[in-house]
Amino acid sequence: ETGVTQSPTHLIKTRGQQVTLRCSSQSGHNTVSWYQQALGQGPQFIFQYYREEENGRGNFPPRFSGLQFPNYSSELNVNALELDDSALYLCASSPPKQGIFYNEQFFGPGTRLTVL
Amino acid sequence: AQRVTQPEKLLSVFKGAPVELKCNYSYSGSPELFWYVQYSRQRLQLLLRHISRESIKGFTADLNKGETSFHLKKPFAQEEDSAMYYCALWMDSSYKLIFGSGTRLLVRP
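Residues numbered from 1 in each chain as written. Chains lettered and ligands numbered in written order. Predicted model: local features only at pLDDT ≥ 70, side-chain atom pairs only at ≥ 80, totals over all residues. Heavy atoms only, no water.

What follows is about the overall build of chain B. Tallying secondary structure elements over chain B gives zero helices and eleven strands in all. Seen in sequence order, chain B has helices and strands lined up from the N terminus as β-β-β-β-β-β-β-β-β-β-β. Relative to the globule expectation of 13 Å for 109 residues, the C-alpha radius of gyration of chain B, 13 Å, shows essentially globular dimensions. With the principal axes as the frame, chain B shows a C-alpha extent of 45 × 30 × 25 Å. Considering only residue pairs separated by 6 or more positions, chain B has 58% of its internal contacts joining residues 24 or more positions apart. Carbon and sulfur atoms form 49% of the exposed surface of chain B, whose accessible area is close to 5,600 Å². (Helix = DSSP H or I, 4+ residues; strand = E, 2+ residues; numbered from the N terminus. Rg over C-alpha atoms; globule rule 2.2 N^0.38 Å. Contact = heavy atoms within 4.5 Å. Areas by Shrake-Rupley, 256 points an atom, 1.4 Å probe, with all protein chains shown as cover.)

Here we come to the interface of chain B and chain A. Taken together, the contacts link 19 residues of chain B with 23 residues of chain A. Together, the buried faces of chain B and chain A total about 1,800 Å²; carbon and sulfur atoms form 53% of this surface. Sorting the residues of the side of chain B that touches chain A by element identifies strand 5 (32-38), strand 6 (45-49), strand 9 (83-91) and strand 10 (96-99) of chain B as the ones contributing at least two each. Its residues assigned to classes, the side of chain B that touches chain A comprises ten nonpolar, three polar and six charged. (Buried area = accessible area lost by both parts, 1.4 Å probe. Nonpolar A, V, L, I, M, F, W, Y, C, P; charged D, E, K, R; others polar.)

Below, the discussion takes up the environment of W34 of chain A. Residues and elements named next belong to chain A. Positionally, W34 belongs in strand 4 (residues 31-37). Residue class for W34 comes out buried when judged on its relative accessible area of 0%. A polar atom in the side chain of W34 sits 2.9 Å from the side chain of S74. (Buried < 20%, exposed > 50% of the residue type's maximum accessible area, 1.4 Å probe, protein only. Polar contact = N/O pair within 3.5 Å; in protein donor to acceptor, adjacent residues only side chain to side chain.)

A full pass over the atoms with the stated rule returns ten aromatic pairs over all chains. Measuring from ring centre to ring centre gives 5.7 Å for Y35 of chain A and F99 of chain B, while their planes differ by 85°; the resulting arrangement is edge-to-face. You can see Y35 of chain A sitting in strand 4 and its partner F99 of chain B sitting in strand 10, one on each of two chains. Summarising the burial analysis for this pair, Y35 of chain A and F99 of chain B share the class buried. Note that R108 of chain B overlies the ring of F14 of chain B, its terminal NZ or CZ placed 4.4 Å from the centroid. (Phe/Tyr/Trp six-rings, centres within 6.5 Å; stacked < 30°, edge-to-face > 60°. Lys NZ or Arg CZ within 6 Å of the ring centre and 35° of its normal.)

This part takes up the sheet that holds strand 3 (residues 19-24) of chain A. All names here are of chain A. Strand order in the open sheet formed by four strands is 1-3-8-7, with antiparallel pairing between adjacent strands. Of all strands in the sheet, those with a lone pairing partner are strand 1 (5-7) and strand 7 (64-68), marking the two edges. Direction aside, neighbouring strands of the sheet carry axes that sit 20° apart on average. As judged from the five bridges shared by strand 3 and strand 8 (residues 74-78), these two strands associate in the antiparallel manner. Pairing of L21 across the sheet is with L76, part of strand 8. (Pairing = 2+ DSSP bridges. Axes fitted to C-alpha atoms, helices over the stretch in contact; angles between N-to-C directions.)

Next comes the structure, spelled out in structure tokens:
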């Protein structure tokens, strides 16, 4: 069983640029969530995608957007990059929901984004 | 507002000593709480969840709704327990998983 994979591993951009990060979900998982983890902080929820639609969003501006594809892989796009966007971006996938309880999310290794 | 607080950034203990990593939460609904762990050079992974009421790797955590706490405990720490520990709150109404800022546990020989 292949786990969650993310690409690229590291990325350096300059202020104002745009970036796309990619995530392949674990086999059998249909939900993908994205998190931003700044240095010394816990992961912060950006949004979740289910059936190719955004299914929940954290306190992030619209310049953070995403996509989910029919194979359940996902992209995170960030426009007009700011210095504070420098962080580790984590993707997590989870299996089809059963019941009302939390469905365990399986995390990828992350993409380290540096904005200069 | 919903919040998870981990007051200690670093907890250093000797091998064999008891460990308690503190977690407090703020949530108006019925909480579902978890502990996630990240070992060196590994990805974030679920350690335990309060509804399971199970012991994983000797760790337990009890949800105390009166004190809004979900502290992680282990009676005898091992060196391999050294890792970053995150407490997390699941909000089913908005599909958000809210993490605390984490506590680094260092178990010294």
